[in-house]
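Reading the structure
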Amino acid sequence: MQHNAVTGIARVRARRSLGKELALQSGDALLVVDMQRDFLPGGSCAVPRADEIIAPINDYLAAFDERELPIFLSRDWHPAGHLSFKRYGGNLPAHCVQETSGAEWAEDLQIPSSARVISKASERDQSAYSVFDGTPLHVILKTAHVQRLFVAGVAIEYGIHGSVLSARDHGLDVVVLLDAVRGVNRERGDESRALREMMECGATFFEPKHGPMTHARVVPGSRRVIHPIERYGFGIQLTLPFAEAVARVVQALQDEGFGVVSDIDVAATLGSKLGVHVWPYRILGACDPTLAHRAIEAQPSIGMLLPCNVVVRQDERAVVHIEAMDPGVLSKLTEQTEIAKIAREVRRRLRKAIHRI
Ligand code: ZN
């Protein structure tokens, strides 16, 4: 009994500090996606380890409820004979059929009385990965002046991915609560691809053990000063959606006379080959054909060090790093004065391009 009381107090404290860490304020809302029995282990469409996120979701529910911030719970609410079921041409077992036990909330989910339920895909021929599809959610959020949506639940590649992308399309800031989402990972790398796409469209991720990092708002110009990276590069840091950062880098390089001759999606490659999760990471090969020609004329083997790689990567705080190889390194690797001359010119223009971004 006493033990329960003590853990109860500890939990209340933990929830208080969680609200603080999230810097919850008016304009924030919580969306819990599809925490229904059929999506939990033992259910017909089980998401592996989805039971592990019930406790963290309860903490988030309590933290939002305590501050009287809006809470939404979405549910799959299918009629019998829904198009996503195998028997009716879909690729899933029957799940979350209206008024059946499989459609009920996960048993230990502690739903505050203020929570609003959003039912989706409730028509036979209506399918919805996004909670925004065919529901009044967007209108409700707008009426409630919600600006920032925190998202938890299942499954990362489906309901979470779809809803996060729609929320961003609607201009909302989005924070994905990483300790409170789970994916199916049917194909290796599915989950990390979905997370990467969410990040690329400007969503932020929050994980309590990393401390506060909930700055979903996109503020340009966080660190425009070019700083050295080890002895082989230089770069800047920005806060903007990843896809936009890549587009801006390509444009800035073009404006300075560089073409992008190669583009390696490191995160996608490692995700599909190893099944590991890597934040968005691209290596762009920048090349000025005239200068490359001059360099090869001077030293045919110089191709080993071409093109100049520019890395665009995003870290877990959603900060984008733009980092270029310093062509000055080339002059340290060769005695050729012509190469040194070209390297200086490339260096000057690469720095100019990075300044432009
Ligand atoms: Zn469904």
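Higher on the page you've got the structure.
The rules behind the values
Residues numbered from 1 in each chain as written. Predicted model: local features only at pLDDT ≥ 70, side-chain atom pairs only at ≥ 80, totals over all residues. Heavy atoms only, no water. Helix = DSSP H or I, 4+ residues; strand = E, 2+ residues; numbered from the N terminus. Buried < 20%, exposed > 50% of the residue type's maximum accessible area, 1.4 Å probe, protein only. Contact = heavy atoms within 4.5 Å. 1 Å grid on protein atoms, 1.4 Å probe; cavity = no way out; pocket = protein on both sides within 12 Å on 5 of 7 lines; lining within 4 Å. Points joined across faces, edges and corners; volume = space filled by probe spheres on them. Nonpolar A, V, L, I, M, F, W, Y, C, P; charged D, E, K, R; others polar. Core = buried A, V, L, I, M, F, W, Y, C linked by side-chain atoms within 4.5 Å. Pairing = 2+ DSSP bridges. Right-handed = clockwise from strand over helix to strand, strands pointing away.

1. A short note on the overall build of the protein chain
Within the protein chain, the secondary structure is distributed over 10 helices and 12 strands. Along the first, second and third principal axes, the C-alpha set of the protein chain runs to 80 × 50 × 40 Å. Residue burial in the protein chain is summarised as follows: out of 357 residues, 52% are buried. Considering only contacts in the protein chain between residues 6 or more positions apart, those separated by 24 or more positions represent 72%.

2. So, the layout of surface pockets
In this model, the largest pocket occupies a volume close to 440 Å³. Among the residues making up the lining of the largest pocket, the classes are represented as 13 nonpolar, eight polar and four charged. Only strand 5 (173–182) and helix 5 (190–200) provide two or more residues apiece to the lining of the second largest pocket. Counted by class, the lining of the second largest pocket contains six nonpolar, five polar and four charged residues.

3. Some details on the nonpolar core
By size, the foremost hydrophobic cluster in this structure holds 37 residues, and its most contacted members are Leu22, Leu30, Met35, Ile57 and Leu177. Contributing elements (two or more residues each) for this core: strand 1 (28–33), helix 2 (54–66), strand 2 (71–76), strand 4 (148–154) and strand 5. Looking at this core element by element, the count peaks at six residues for helix 2.

4. Overview of the pairing of strand 4
Most of strand 4 sits inside the fold, with seven of its seven residues counted as buried. Judged by which residues are buried, strand 4 turns out to be covered on both faces: Arg148, Phe150, Ala152 and Val154 on one side and Leu149, Val151 and Gly153 on the other are all buried. As judged from the six bridges shared by strand 4 and strand 5, these two strands associate in the parallel manner. Its bridge partner lying in strand 5, Val154 is registered against Arg182. In this fold, the crossover linking strand 4 to strand 5 by way of helix 4 (residues 156–169) has right-handed handedness.

5. Considerations on unusual backbone geometry
The omega angle of the peptide bond from Val154 to Ala155 is -15°, so this bond is cis rather than trans. With respect to the helices and strands, Ala155 occurs in the loop between strand 4 and helix 4. A cis amide bond, omega -10°, links Leu306 with the succeeding residue Pro307. Examined against the element boundaries, Pro307 turns out to sit in the loop between helix 8 (289–298) and strand 11 (308–314). Residue Arg49 is not a glycine yet carries a positive backbone phi of 60°. Here Arg49 is to be found in the loop between strand 1 and helix 2. Relative accessible area serves as the criterion here: at 48%, Arg49 is assigned to the partly exposed category. Even without being a glycine, Glu230 presents a positive backbone phi close to 45°. Along the chain, Glu230 falls in the loop between strand 7 (223–229) and strand 8 (233–238).

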